[in-house]
Amino acid sequence: MGNGFATEMASKLIEICFKDIKLHKVSASCNVNNVQSRKGMEKVGKIKEGELRKVRFRNGVKVNEYKYGILYEEWESTLV
């Protein structure tokens, strides 16, 4: 754990979405309690855009999730 494989994979997927598929935005979500996932989202340049309340079911409990996104121009500016 902590080898950077998820971050590397997420970065590559974002690149494919923007360069090959020509999307204008890439979005993702995670459980608010998953600190590693939140850090990973931010590490690849995604910005927290909001919180949805009680939309995930985890261990018998409904929990909130964060929505993250990165726009093409935000990603492109990191390439310089």
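None of the values given here were measured: they were computed from a predicted structure.

Participant: Just checking my understanding: could you explain the pattern of salt bridges for this structure?
Facilitator: Opposite charge on two side chains permits them to pair, given that their charged atoms come into close proximity. Within this structure, the stated rule accounts for five salt bridges. With a closest N to O distance of 3.6 Å, Glu15 and Lys12 form a salt bridge. On the criterion of helical spacing, the pair formed by Glu15 and Lys12 is a turn pair, its members being three residues apart in helix 1 (residues 5-20). Judged by relative accessible area, Glu15 falls into the partly exposed class, the value being 25%. For Lys19, the salt bridge is made with Glu15, and the minimal N-O distance between the two is 3.6 Å. Residue Lys19 and its partner Glu15 are both found in helix 1; the two are separated by four residues, about one turn of the helix. With a relative accessible area of 45%, Lys19 lands in the partly exposed category.

Participant: Please explain the packing of aromatic side chains as it appears in this structure.
Facilitator: Note on aromatic pairs: each is described by the distance of the centres and the angle between the planes. Applying the stated rule across the entire model yields four aromatic pairs. Summarising the aromatic geometry, the rings of Tyr66 and Tyr68 are spaced 6.5 Å apart at their centres and angled 85° between planes, so their arrangement reads as edge-to-face. Pair check on accessibility: Tyr66 and Tyr68 agree, each one buried. Centroid distance Tyr72 to Trp75: 5.9 Å. Interplanar angle 45°. Geometry classified as tilted. Remark: Trp75 and Tyr72 occur in helix 3 (residues 72-77); sequence separation between them is three residues, near one turn of the helix. A relative accessible area of 30% places Tyr72 in the partly exposed class. One aromatic cluster is present, built from ring pairs that chain together Phe18, Tyr72 and Trp75. Lys48 extends its terminal NZ or CZ atom over the ring of Tyr66, reaching a point 4.1 Å from the ring centre.

Each value, and the rule that gives it
Residues numbered from 1 in each chain as written. Predicted model: local features only at pLDDT ≥ 70, side-chain atom pairs only at ≥ 80, totals over all residues. Heavy atoms only, no water. Salt bridge = Lys/Arg side-chain N within 4 Å of Asp/Glu carboxyl O. Helix = DSSP H or I, 4+ residues; strand = E, 2+ residues; numbered from the N terminus. Buried < 20%, exposed > 50% of the residue type's maximum accessible area, 1.4 Å probe, protein only. Phe/Tyr/Trp six-rings, centres within 6.5 Å; stacked < 30°, edge-to-face > 60°. Lys NZ or Arg CZ within 6 Å of the ring centre and 35° of its normal.

Honestly, it's all geometry; don't read function into it.
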